[in-house]
Amino acid sequence: MTNSLPTAKPYLAAIKPYKAGKTARHPDVAPIKLSSNENAYGPSPKALEAFRTAAGSLHRYAESSCVALREELVQMHGGTPDHYVCGAGSDELIGLLIHAYAGAGDEILFPEHAFLMYRIYTLAAGATPVTAKEVNRRADVDALLAAVNERTKIVFLANPNNPTGTYLPATEVKRLRAHLPQHIILALDGAYTECVDAADYEDGMAQALSMPNVVVLRTFSKLYGLPALRLGWMCADASIIEAIHRVRSPFNVNGVAQIVGLAALRDQEYLHQQRGLMLHQRAFMTKELRALGVHVEDSQGNFVLADVGTREEAVRLMAGLEQHHIYVRDVEAYYLPTCIRITMGTEEENQRVLAVWKELQA
Ligand SMILES: *Cc1c(COP(=O)(O)O)cnc(C)c1O
């Protein structure tokens, strides 16, 4: 026996670990955290009430397949419970989908500025990430289709996309699906579906419920205001859902998340109210930042992407904001080194960002 050390699989060395959005390091100041696309107002009061009741069942294993949540999703979106599986955030479901369908020699395809977890989980599975060029920071269906080959297993499309905020209209998503061979999965990541107000957008649920190869992913982490809970869901053909059930851990969604998530789902009134507040702030921030001469993409997410022209200026502004305890997202890792992603905070927080930004520009 040689005296060598344990070695992780060598292909894991290509993974750059995901860096979460920054927050304050001083416990004595309340930061303005606009770096993780959270909902500054938090979740439904009914969800918080459910959280307190959930304390009474911590000593029991939770139901293992999220039956109540899946039945509620059937009520809301149609299909049957076997069209749905829940996960510890949609992140987990992205990972499980890749794990179930791809391995060494397979390719996973996504647009240039796509959500980072697609790449990370692809590399973790030993598969190969492939990116397709975007046009004006928007996913390009022709470029995606041109990159498809016999090794392609899954095409990921966040619609709307994080961090660009851009989206594809329903006609473009349908064109992508129509030209994709049926053995390739089209995974539509709807993390920001609740934030969309574009009239030509569709959430993809009709396709996920009727096509054998369309998957929709959703989360409670963004507009629902429950990221610490770790809860997301997937809708797809029953055969895909079954594959996920085979690879997931038996209690992947904790019991508290199941109880609180159900209460949040049932309070659509609160969600609707939050959506109204967010849409108003998004329009306001887009307009105000543009008035300062900043290039801001039209966004369909709960954030805006500001292009400040150079990397130096982006770094300078982020450091300046941080001095005022304002934390935004550096998106260099998304190949957008001159951009800053700003989550919509409360009205007061956004006003503060604008005031500090003006000061820093002067
Ligand atoms: C935030 C985000 C997710 C993951 O959120 P979870 O907290 O894991 O549910 C997935 N996709 C996109 C595009 C996101 O921005």
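Residues numbered from 1 in each chain as written. Predicted model: local features only at pLDDT ≥ 70, side-chain atom pairs only at ≥ 80, totals over all residues. Heavy atoms only, no water.

Novice: I would appreciate a short explanation of the pairing of strand 8 (residues 232–235) in the present structure.
Specialist: It is a general feature of regular strands that their side chains alternate between the two faces of the sheet. Burial along strand 8 is two-sided: the face carrying G232 and M234 and the face carrying W233 and C235 are both buried. Pairing geometry for strand 2 (residues 84–87) and strand 8, over 4 bridges, is antiparallel. Paired with V85 across the bridge in strand 8 is M234. In this structure, strand 7 (residues 214–219) lies alongside strand 8, joined through 4 bridges in antiparallel fashion. Looking across to strand 8, one finds that V216 is bridged to C235. (Buried < 20%, exposed > 50% of the residue type's maximum accessible area, 1.4 Å probe, protein only. Helix = DSSP H or I, 4+ residues; strand = E, 2+ residues; numbered from the N terminus. Pairing = 2+ DSSP bridges.)

Novice: Would you mind showing me how to read the sheet that holds strand 6 (residues 185–189) here?
Specialist: Reading across the sheet, the 7 strands line up as 2-8-7-6-5-3-4 and stay open at both edges, with mixed pairing between neighbours. Each edge of the sheet is formed by a strand with only one pairing partner; in this case those strands are strand 2 and strand 4 (128–132). Each strand of the sheet is rotated relative to its neighbour by a mean of 20°, with strand direction disregarded. Pairing geometry for strand 5 (residues 152–158) and strand 6, over 5 bridges, is parallel. Looking at strand 6, one finds that F156 is bridged to A187. The strands that helix 2 (residues 67–77) touches are strand 2, strand 7 and strand 8; relative to strand 2, the one it contacts most, it runs at about 125°. Here helix 8 (residues 238–247) sits on the sheet and contacts strand 2, strand 6, strand 7 and strand 8; the angle it forms with strand 2, its principal contact strand, is near 35°. (Axes fitted to C-alpha atoms, helices over the stretch in contact; angles between N-to-C directions. Contact = heavy atoms within 4.5 Å.)

Novice: Before we go on, may I ask you to explain the environment of A102 in this structure?
Specialist: The residue A102 is located in the loop between helix 3 (89–101) and strand 3 (107–111) in this model. Owing to a relative accessible area of 10%, A102 belongs among the buried residues under this scheme. Distance from A102 to A125, taken between C-alpha atoms, is 6.9 Å for residues 23 residues apart in sequence. Residues within four places of A102 in sequence aside, it is in contact with I108, A125, A127 and K153.

Novice: Hey, could you run me through the site of the ligand in this one?
Specialist: Taken together, the neighbourhood of the ligand is formed by 13 residues, with S90, D189, T219, S221 and K222 sitting nearest. Within the side chain of K222, a nitrogen or oxygen atom sits 3.0 Å from an oxygen atom of the ligand. One of the side-chain nitrogen or oxygen atoms of R230 is found 2.8 Å away from an oxygen atom of the ligand. The protein chains hide 94% of the 390 Å² of surface that the ligand would expose on its own. (Near = heavy atom within 4 Å. Polar contact = N/O pair within 3.5 Å; in protein donor to acceptor, adjacent residues only side chain to side chain. Areas by Shrake-Rupley, 256 points an atom, 1.4 Å probe, with all protein chains shown as cover.)

Novice: Help me out: how do you make sense of the packing of aromatic side chains in this one?
Specialist: Aromatic ring pairs are defined here through the distance separating the ring centres and the angle between the ring planes. All told, the structure shown has 9 aromatic pairs when counted by the stated rule. Ring centres of F110 and Y118 lie 5.9 Å apart, and the angle between their planes is 55°; on these two criteria the pair is classed as tilted. What makes F110 buried here is its relative accessible area of 3%. Residue classification places Y118 among the buried positions, given a relative accessible area of 0%. Note on F115 and Y118: the rings are 5.7 Å apart at their centroids and 75° apart in plane angle, and the pair reads as edge-to-face. For the pair shown, F115 and Y118 are each scored as buried. One aromatic cluster is present, built from ring pairs that chain together Y18, F110, F115, Y118 and F156. If you follow R341 out to its NZ or CZ, it ends over the ring of F303, 5.8 Å from the centre. (Phe/Tyr/Trp six-rings, centres within 6.5 Å; stacked < 30°, edge-to-face > 60°. Lys NZ or Arg CZ within 6 Å of the ring centre and 35° of its normal.)

Novice: Which parts of the structure should I look at to understand the environment of N252?
Specialist: Considering the arrangement of structural elements, one finds N252 in the loop between helix 8 and helix 9 (255–266). A residue is classified by how much of its surface remains accessible, and N252, at 10% relative accessible area, is buried. Sequence separation of N252 and R230 is 22 residues, and the distance between their C-alpha atoms is 9.8 Å. Not counting residues within four places of it along the chain, the set of residues in contact with N252 comprises S64, C86, G87, A88 and E92. Here the side chain of N252 touches C86 through a polar contact of 3.1 Å, landing on its backbone oxygen.

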